[in-house]
Every structure is written in C-alpha cells, then in structure tokens.
Amino acid sequence: MAEGSTREIANERSLFGAADDVVAPDGEGHRIRGGKSISPGPLRLRLRNLASAFRSALVLEWERGTAFLLMPIFLAAGIVFYYALPAEPGLAALAGGGALLSLASFLARTRPALHLSMLAVFLVVAGMFFAALETWRAGTKVLGGEISTSITGRVAVIEHQANGRVRLTLDVLDTARPKLRYAPDRVRVSARSVPADLTAGAIVTGVVRLFPPSGPLRPGSYDFSFESYFDGIGANGFFLRDPVLAETDFAPSIRERFDAEVENARTALAQHIRARIGGSEGEIAAALIAGTRAGIPEEVNEALRRTGLAHVLSISGLHMALVAWTIMTALRLGFALFPDFASRRPVKKYAASIALVATAIYLFISGSAVAAERSFIMLAVMLLAVLFDRAALTMRNLAIAAIAILVVSPHEVVGPSFQMSFAATAALIGVYAWWSERRAQDVSVTHRADASLPRRLVRNGVRYAAGVAGVSIIAGLATTIYGVYHFQRVSPLSLAANLAVMPVVSVLVMPFAVAAMAAMPLGVGGPFLDVMGWGLSMMIVAADWFSRHSPLDAVGTIPAISVLTMTAALLIATLATTWLRVLALPLVVVGLGTAMFRTTPEVLISEDARLIAVTLADGRLAVNRPRPNGFTVEDWKRATLSEALAKPRQSKAADAKPEGTEPSQGQSSATENRVPVIPLSDLTENDGFYCDAGLCVLRHRSGKLVIHAAHASLAAPFCREAVLIVIDDATAENPCSVKTVLTKRHLARHGAATIDRLQDEVPQDVRLSLTRPYRPWHHHRQFSREARGIAPFKPKKREAEVAGQTKGPISQGRKASISGSGRSGAPVP
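Read on for a plain summary of the structure.

A word on the packing of helix 8 (residues 254–277) against helix 19 (residues 526–548)
Then, number 1: Contact pair helix 8 / helix 19: the axes reach a minimum separation of 9 Å and the direction vectors enclose 70°. Relative to helix 19, the element helix 8 is oriented roughly perpendicular. The two elements helix 8 and helix 19 meet at a crossing, and its hand is right-handed. Contact residues: H272, R276 and I277 in helix 8; G526, P527, L529, D530 and G533 in helix 19.
Then, number 2: Taken together, the residues of the contact of helix 8 with helix 19 break down into three nonpolar, three polar and two charged.

Written out as structure tokens, the structure is:
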C-alpha cells in the first residue's frame, strides 16, 4: 500500500512539474543551490509562488477527480471539429487513428503527461468517429430538386396545426407521374384537410409538390438540411389536392404496426385533453403531456419566446424533473403514513425506482423527442445514483449523461437545445455545490425548530421565492450567450416572467398533469385537467402582459469565438473546485468584448436569389420584394438589428399588376419584355429599392448602386455604377468582368450569402453558407436544375393549354404532374 501511494505521488509530481526542479528556500526566502544562497527578484519570487500554487491546485483537482469531467468536453470538441471540416473524413481512417492512439496511450502509461495527452487526443478522435458513424447510420435519401408527383405513403405522424391545415409525416411507398428513381424514404407534407377517419398506419395517396430541405437563411444560422438529414426527412411539401385513403399490397412490419398504435394513442390522448380544456390552454396541455405542439397559436408562441418562457413548451429537463419530483414526493408522503414500514425499508429507493419507470413512460407517451430523450438520460443517471446511495446532483453524473448522449446522438452538440440544457444544468450544479460547501463551513447557521407555524410558512415561502429567483438568474446567465448566438434575441423581462410563471407551472400545471395521467385510466382525470387548464390560463395571461411590455429583444449576430470563449469560461467556473475558477474571468472579458465589438451584415441574399436585403442609414431593412417571406425577413431583422422593413417602390406599370402576380424567374410577360424605367437621379440612400420590369435598384450610402435583376441583360447597363449585382437566373453568366455578381446558379450551389460591408470599386467580401465538396446533408444540392445551370422546366404549349382547360383541384394536380414530367428527382450527374 505504501509503495503504491509513493508511486502515485511521484507520478503526480512528474505530471505537474513539481519533482526534481524544486529547490528549498533558506530562512530568508533565498533559493539555495549548490550550497550558495541566491536572492531572487520580487517579480520572480511572485511568479515562482504563483507557479507553485498553480501546481498545487492542479494536483488537488486531480485528486478530486476533475479529470474525469473533461472526457465529455474532449468528445464534444471532436464532434464539433468533425462538423466544421470542409470535407467528409473516412470512417475507416478515424477508426484506425483511434486504434493507434489507444495503443500509443497504453504504451505511454509510465509517462503520465504523455499518457494523458494521448488520451485527450484519443477522445477527440473518438468524438469525430461517433459523429461520422451517426452520419453514415442516418444515410437519409434527400430529394435533389423541386418536383410534383403522385405519392402513396403510410401515415407515420398526424399534426393538426393552428392555421387549420394538417401536416402528415409519410413513409413513402410509391411514386408515379413521374416515378422518382431516387425517392426519399420519408417526407413531411401538409394538406388543407384529410379524411375524417385518418389514423397513423393508414395508406394515403395524392398529388404533392415536394421541395428539398433548404439550407441556412444566412451563413452560420440554423441549417434546416442538417436537421432534416438526421431526422430522416428527405423532402417537405404540400398536397395540391386533398389526399385520399388508398389500398395497397405493402404490408407493415411489426415495428411499423407498433409505432402506429403508439401514435394513435398519443393522438387520442391529445384530442381528449383538447376536448376537456379547450383553446390555447388545451393545445399547450396536449404539448406538455402528449408532445403535440403544432396546434399552439403563433401569437402564444411568440409571447412565450419574447418573455423567455418558451422552454415551458418543450418537454425537457424541467418537465422530467417535475414529473419525477411529483411522484417521489407523493410516494414518500404515502410511505410516511406507515411509519413502521418506512423505518425498516429503503422507501427513498422505492420512490426513485417508481419515478424512473414513470418518467420512462412519460418519455414514451410524449413521443420520445430528442430533447426529451436527452433529459431522460440525465434524470435516469441521477435516479440511479439514488438507488446506489450516491449523490444525485453531481458533476460526475452530469458528465456520464453527457457522454451517453454524445455517443448516441452526436449531432445534438451543435444545436441550441443541447448547449442551453447542459449549460444551465452545469451552472446550477456548480453553484449548488459552492453554496453547500459555504453553508457547511458557516457555523453561524442555525435552524429553529420551535418557530411558530406562520413564521415557518413565511420563511419557507421566502426561501422558495429566493430559490426560483436564483435558479432563473443562474440558468439565464449561463444560457444567454447561446440564445443570442442561435436566435439573435434576448428576453429583457425573462427573470420577472419566470418568477411570475414558474411557481404556477411547478404547483398547478405539471403536478396536476401527472395526477391527470394517473387518474385517466380510472375515468376521473377531468378535474385534474381543469386545474391544469387554470394554471395554463394564468401562464398565458402573464406571458402576454410581459410580452406587451417587453422592449425590443433583437441583439444582432455575434461571432462564434464569443461562444467558444464564454463556453470555456463556463466550464472552468463550474468544473474547477479550487481557486482556478478565477481563470474564467479573463475569458468572460474576452467573450463579452468580441460580442460587443462585432459587425452585423449589411447585405443579405437568399439562396434562391429572389430576395435581397440591405440595411439603410436610418436603421430600416430594405428588401426588393413587396411580399417577402416572413420567416426569412424576421430572422434577417434580428440579425441586423433592424426594427422596420423598407418595401420597394414600384413604377405605375408595376403597380397596375394584380397583387401577388409577380413573374417568376424564367417566365416571359409583356411587363418583363419592356424596358424598365428607373429614376436614378431621384434615388437617395434611404429610399430603399425601386423596381420596374424585373429590375430593382437601390442607392447605397456610398452613392453606388445595388442591383437585383431577373436576367443578365437587365443588369449589364449598370456594370460601371453598381457595387453588387444579383441575377435571379440560373443560366446567366457574369455580364461584368470585375464586379461582384451573384447568379442563381452560384447561390444554389453555395447557399445564402452575406456581406458585412459594401466596398467601393473593389470585389466584395462575400460570405457563403456552404462550401464544396458537400457534406452528406448538403449532397443533394448539386442535383437541382438551378445548381446545374438549367432554366426552369416549362410544359409544352399544347399540354399547358389542355391543363388550363380543366377546372377544379384536379387541374392543379395535372398541371403539377405535367410540369414535373421531365424531372425524376434522381441524382443525375
């Protein structure tokens, strides 16, 4: 035993550089070397003392097991590095590299510093391997381009949306007119209405218009293609006419029948909840219990987002914890009624076991969303710790949960849900550990057991309010940087809104939701749902009030370096147990500095080349279309800190057209064929775009022009005066030899673009969303007509005339089918 301890101490000293180079000082603080006293300078002495204290702190951290907490960090670093690579690495190469690193680490086990370095690199490579393995395992077949076809599919999910439409997730069984050679396995399509008796597992058929998943709205923003790839969704779209039930010879597998039964049970549960509660409260209750969020009105969603209460809608750690807490509290109170049994049995473990089973059932009923699965893993680790007589709220348990999630679902690490969830949990555990340590050391803390009942109630009420406020502040501070980076918004009144709402959620909503679920099989769950509905009504009223009184919540884009430095600061502050926590302060300063002194984009261009936006000197965002996509524009406004839109002015000829009849790219009309008339001399820097006959012109604050043209011929006359030209034509070439020109083909290949600052007389520094070679989730982009420089497909004149003579919804289906007859959706080189 003594020999082993001596070896461990020697290894620690060798690891942290505190072995042979230590020279003892004499009584006066001088260093003694070779029998001579050496007097160091004051600065060197301070540095030497600081280095000694730093090594001592590292040894203490090592002894306390902090090194284990670094495992998920290195795994996550490898995963992030994998997704940041410009090209897809080979799976076999990663596996071989990991094997070599593990062997090198084993051989270097006698040299602690080298051994730990090899382990760290091994974990990084292991993270890359797990991410690459998940990508290969997903293998989602994604549609190459827009197409209309007749589809037959098995219904997997039915979602009734707030706007009255119904969204179906279909497992594709067959396609026709045209038959797709590279059909996706699963698509998500919406319809105006569906058969009344439609259930999951049924077979439907109909004519649909399908679109491949889009890329980011701007460089660095949320990538819809990425998420769809790992969700297994190969296309999105809508029915051109309502789907109908169909018969087919495709027999479902046992897994498909089971999934259909579960989905039908969830749908029936959601309908029962809506019928009992009704209104927006019923939709939120269905979301909290059954996981169906599609029916929540958008105004309620926006109010919750503006007030920092949107986390209530997503089944995550809060809901799992409240379910487990409700069940454990109820069981322990029940066991307390039988003191003889409770004193002789481990009732706490019994309650934890039942709570674990109950949360698993809750996960199953709620649809097993990714965020819910992650939260269940975290909670399961903590409940298992209770079963094995270990502390539940520890960083080690959080690290184990993180490792499990990173191995099973690596792509979650780059999403806001994973980052905000673990940041909040780590911060809360870290502060709780610090507070518990300080409380244990504070001998002045006393607990008066003889206090009167009113005094105890007041004291407990104050403690609860302080606890809610503390949790909101800590979690809010830990997650703000991620909310700003991903959503470009903060909630100024989040603390006040959470203080007002979370007690209602914790006392009236989730506990009575659990009680309703337990009572439903007995047919007496209605009163519990009523109480839950009252609590949700209070939450909606509070959210609406705080939303109406909340100032502007947009904060603009911030660079990724701000997120990385703030993440490093959070990790140091929460994982370190010694004075090394103070090392987080410089990183916080750097992170805040880079976030404050950043530049927001001045020009934004959509990936389909149809929409361009430029920030004006008065703070508005000028767009070139009178009816731009609302979702895209709202994202751009937050990214550029713009409060209002400046819609384009149009000539009288353009204004005379009926609203909504803008000609699409590639079409010909009398309006497009005439010469556009642009009053250049009257344009000022705050006028926005002026559009006429397929040409839009904006006068930049530099005096130069920004051009958006339907064809290259319209843009050619402005080569001398323009600083930027965007051409909505995939067949167009650059009409200007030295100017920055972005065509539809270029943007189809490389995604949306931004320019931070428009420069005069020089090529612009354009940031593009995508790079080539494509990663697997973007591989489909190269097969669209636009990316290949092909004009939109036009039906033959005779076919178009025949289609135009047919009235009703069937004619729409025929038109769409004819328009897609020359496109199979297959990856054609």
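Having put the structure on the table, let's press on.
Describing the layout of surface pockets
Gaps left between atoms show up when a probe the size of a water molecule is rolled over them.
Then, number 1: If you add up the space inside the second largest pocket, you get close to 800 Å³.
Then, number 2: Around the second largest pocket sit 26 residues that line it, and L477, A478, M566, L570 and V588 are the ones nearest its centre.
Then, number 3: Those elements that place two or more of their residues in the lining of the second largest pocket are helix 16 (416–441), helix 17 (453–487), helix 20 (560–575) and helix 21 (584–596).
Then, number 4: Looking at the lining of the second largest pocket element by element, the count peaks at seven residues for helix 17.
Then, number 5: The residue inventory of the lining of the second largest pocket, partitioned by class, reads 21 nonpolar, three polar and two charged.

Digging into the side chain of S228
Then, number 1: Note on placement: S228 falls in helix 7 (residues 224–231).
Then, number 2: If near-sequence neighbours (up to four positions away) are discounted, S228 is found in contact with P213 and I233.

As for empty space enclosed by the protein
Then, number 1: Across all of its chains, the model carries two cavities of 30 Å³ or more by this definition.
Then, number 2: If you add up the space inside the largest cavity, you get close to 80 Å³.
Then, number 3: In this structure, the largest cavity is lined by I158, E159, H160, T267, A270, Q271, R274, T292, R293, A294 and G295.
Then, number 4: Looking at the lining of the largest cavity, the elements with two or more residues in it are strand 3 (147–160) and helix 8.

Considerations on the sheet that holds strand 14 (residues 689–692)
Then, number 1: Spatially, 13-14-15-16-17-18 is the arrangement adopted by the six strands of the open sheet, whose pairing is mixed. Both outer strands of the open sheet, strand 13 (649–650) and strand 18 (741–743), are each paired with one neighbouring strand and no more.
Then, number 2: Note that strand 13 and strand 14 share two bridges and pair parallel. The residue bridging R649 from the neighbouring strand is Y690, located in strand 14.

Brief notes about helix 6 (residues 112–138)
Then, number 1: Its 27 residues give helix 6 an end-to-end C-alpha distance of 39 Å, which sits within 8% of 39 Å, the value for a rise of 1.5 Å per residue.
Then, number 2: Downstream of helix 6 by a residue or two, G139 has a phi angle that is positive, lying close to 50°.

Some points on helix 16
Then, number 1: Between its first and last C-alpha, helix 16 extends 37 Å over 26 residues, near the 38 Å set by a 1.5 Å rise per residue.
Then, number 2: Considered for burial, the residues of helix 16 that qualify are P416, F418, Q419, S421, F422, A423, A424, T425, A426, A427, I429 and G430.

With respect to the pattern of salt bridges
In a structure, side chains of opposite charge can pair up when their charged atoms sit close to one another.
Then, number 1: A complete count under the given rule lists 25 salt bridges for this structure.
Then, number 2: E283 is the salt-bridge partner of R274, the closest N and O atoms lying 3.0 Å from each other.
Then, number 3: E298 is the salt-bridge partner of R305, the closest N and O atoms lying 2.4 Å from each other.
Then, number 4: Among the charged side chains, a salt-bridge network with shared partners connects E298, E302, R305 and R489.

Details of the packing of aromatic side chains
Remark: the centre distance and the inter-plane angle together describe each pair of aromatic rings, the angle taken between the planes.
Then, number 1: Throughout the structure, instances matching the rule amount to 21 aromatic pairs.
Then, number 2: Judged by centre distance (6.3 Å) and plane angle (65°), the rings of Y229 and W777 are edge-to-face. Here Y229, found in helix 7, pairs with W777, found in the loop between strand 20 (766–768) and helix 27 (797–805); they are 548 residues apart in sequence, far enough to count as distant.
Then, number 3: Residue classification places W777 among the buried positions, given a relative accessible area of 4%.
Then, number 4: Through a chain of ring-to-ring contacts, the aromatic side chains of Y82, Y83, F226, Y229, F230 and W777 assemble into a single cluster.
Then, number 5: Its end group placed over the ring of Y182, K141 keeps NZ or CZ at 5.6 Å from the ring centre.
Then, number 6: In this arrangement the basic side chain of R775 is found over the ring face of Y82, its NZ or CZ atom lying 4.7 Å from the centre.

Topic: the nonpolar core
Then, number 1: Formed by 57 residues in total, the largest nonpolar core has its most connected members in I284, V505 and M532.
Then, number 2: Among the secondary structure elements, those contributing two or more residues to this core are helix 8, helix 9 (279–290), helix 10 (298–306), helix 11 (317–336), helix 13 (347–365), helix 14 (370–387), helix 18 (494–519) and helix 19.

Some thoughts on the side chain of N498
Then, number 1: Examined against the element boundaries, N498 turns out to sit in helix 18.
Then, number 2: A polar contact is formed between the side chain of N498 and the side chain of H311, at a distance of 3.1 Å.
Then, number 3: With residues near it in sequence (within four places) discarded, N498 still touches T307, G308, L309, H311, V468, S472 and P503.

Overview of the sheet that holds strand 20
Then, number 1: A sheet is described by the order of its strands in space; here six strands give the open sequence 12-11-10-9-19-20, paired in mixed fashion. Looking at strand neighbours, the two that pair on one side only are strand 12 (645–646) and strand 20, the edges of this open sheet.
Then, number 2: Of the pairings in the sheet, the one linking strand 9 (residues 603–605) to strand 10 (residues 612–615) comprises three bridges and is antiparallel in character. By the bridge assignment, V603 is partnered in strand 10 with V614.

The rules behind these values
- Residues numbered from 1 in each chain as written.
- Predicted model: local features only at pLDDT ≥ 70, side-chain atom pairs only at ≥ 80, totals over all residues.
- Heavy atoms only, no water.
- Axes fitted to C-alpha atoms, helices over the stretch in contact; angles between N-to-C directions.
- Helix = DSSP H or I, 4+ residues; strand = E, 2+ residues; numbered from the N terminus.
- Parallel < 35°, antiparallel > 145°, perpendicular 65-115°, else oblique.
- Left-handed = near helix turned anticlockwise from the far one by under 90°.
- Contact = heavy atoms within 4.5 Å.
- Nonpolar A, V, L, I, M, F, W, Y, C, P; charged D, E, K, R; others polar.
- 1 Å grid on protein atoms, 1.4 Å probe; cavity = no way out; pocket = protein on both sides within 12 Å on 5 of 7 lines; lining within 4 Å.
- Points joined across faces, edges and corners; volume = space filled by probe spheres on them.
- Pairing = 2+ DSSP bridges.
- Expected span 1.5 Å × (residues − 1).
- Buried < 20%, exposed > 50% of the residue type's maximum accessible area, 1.4 Å probe, protein only.
- Salt bridge = Lys/Arg side-chain N within 4 Å of Asp/Glu carboxyl O.
- Phe/Tyr/Trp six-rings, centres within 6.5 Å; stacked < 30°, edge-to-face > 60°.
- Lys NZ or Arg CZ within 6 Å of the ring centre and 35° of its normal.
- Core = buried A, V, L, I, M, F, W, Y, C linked by side-chain atoms within 4.5 Å.
- Polar contact = N/O pair within 3.5 Å; in protein donor to acceptor, adjacent residues only side chain to side chain.

The values are spatial; any link to function lies outside them.
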